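Close look at the chain arrangement
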Amino acid sequence: MKNIILPIAALPLLLTACNSEPPEAPPVEEKLAEYKAIGTEPFWSIEIKDDQIAYSSPEATNDFTLPIQRMKKTPTGWEIKGFNDQHNITVTVASAQKCNDGMSDNEYADTVKVAVSNAGYQTGCGGDILSGPATEASVSEGSAGEDNASDGA
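Residues numbered from 1 in each chain as written. Predicted model: local features only at pLDDT ≥ 70, side-chain atom pairs only at ≥ 80, totals over all residues. Heavy atoms only, no water.

1. Topic: the overall build of the protein chain
Put simply, the rule is: Helix numbers and strand numbers start at the N terminus; a helix is a DSSP run of H or I with at least 4 residues, a strand a run of E with at least 2. A 1.4 Å probe rolled over the protein chains alone gives each residue an accessible area, and that area as a share of the maximum for its type sets the label: buried under 20%, exposed over 50%, partly exposed in between. We call two residues in contact whenever any of their non-hydrogen atoms come within 4.5 Å of each other. Using the Shrake-Rupley algorithm and a 1.4 Å probe, accessible areas are obtained, with residue cover drawn only from the displayed protein chains.
Assigned secondary structure in the protein chain consists of 2 helices and 9 strands. Ordered by position from N to C terminus, the α and β elements of the protein chain give α-β-β-β-β-β-β-β-β-β-α. Here the protein chain, with 153 residues, has 27% of them falling under the buried criterion. Contacts in the protein chain between residues at least 24 apart in sequence constitute 33% of all its contacts with a sequence separation of at least 6. In the structure as shown, the protein chain presents an accessible area of about 10700 Å², 54% of it carried by carbon and sulfur atoms.

2. A short note on the environment of Tyr121
Counting through the fold element by element, Tyr121 comes out in strand β9 (residues 121-131). Separated by 30 residues in the primary sequence, Tyr121 and Val91 have C-alpha atoms spaced 9.4 Å apart.

3. Quick word on the side chain of Gln122
Tracing the chain through its elements places Gln122 in strand β9. Owing to a relative accessible area of 14%, Gln122 belongs among the buried residues under this scheme. Leaving out residues up to four positions away in the same chain, Gln122 has contacts with Pro42, Trp44, Tyr55, Val112, Lys113 and Val114.

4. Side note on the state of the cysteines
How we decide: Here, a disulfide means two cysteine sulfur atoms that sit within 2.5 Å of each other.
Taken as a whole and assessed by the stated rule, the structure comprises 1 disulfide. The disulfide that involves Cys99 links it to Cys125, with 1.9 Å between the sulfurs. Sign of the S-S torsion, about -60 degrees for the bond between Cys99 and Cys125, identifies this disulfide as left-handed. Linking Cys99 in strand β7 (residues 99-100) with Cys125 in strand β9, this pair joins segments that are 26 residues apart in sequence. Overall, Cys125 belongs to the buried group, its relative accessible area being 1%.

5. Quick look at the pairing of β9
Condition: Two strands are said to pair when DSSP picks up at least two bridges between them.
Both strand β1 (residues 35-39) and β9 contribute to a ladder of 2 bridges, which runs antiparallel. Residue Ala37 lies in a different strand from β9, and its bridge partner there is Gly126. Both strand β8 (residues 107-116) and β9 contribute to a ladder of 8 bridges, which runs antiparallel. Residue Ala115 lies in a different strand from β9, and its bridge partner there is Tyr121.

6. Section: the pairing of strand β5 (residues 77-83)
Counting buried positions along β5 gives 5 out of 7 residues, so the element sits mostly inside the fold. Taken together, the 6 bridges between strand β4 (residues 64-74) and β5 define a ladder with antiparallel strand orientation. The residue of β5 that forms the bridge with Lys72 is Glu79. Between β4 and the antiparallel strand that follows it, β5, lie 2 residues. As defined by bridge partners, β5 adjoins strand β6 (residues 88-94) across 7 bridges and the pair is classed as antiparallel. Bridge pairing links Gly82 to Ile89 in β6. A loop of 4 residues connects β5 with β6, the two strands running antiparallel in sequence.

Okay, here's the thing in structure tokens:
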């Protein structure tokens, strides 16, 4: 009789294990789509595309492209890191903190900080161009194209 009572006593534990919910799937990590940023004094640019960060500067002889090792959404924007045996880069994007590049008078959507191979931080602008000569030129080109099309009618 003791042999029968033991399996019956274990029955509630077995039923509880069967009713447990499956583990949650890991969260899907967000990724920053193609992104460009520029800086002046010193001049530099970055392009994030296809899981790589390309850095260039006409004032430096060490332009490079690195694989992205870490891309993390932060409360204020993004942090992207890439490195290899020769170079490292950290890009910090402050989303929705408007930025003027100081040279072209274009206003960009984001403020960007870049740390390159222990050379200190460089500050610049990135994301969409919100206003300035670049946006005015594209509006003028679109209007000119419309005028030409109506002249032929």
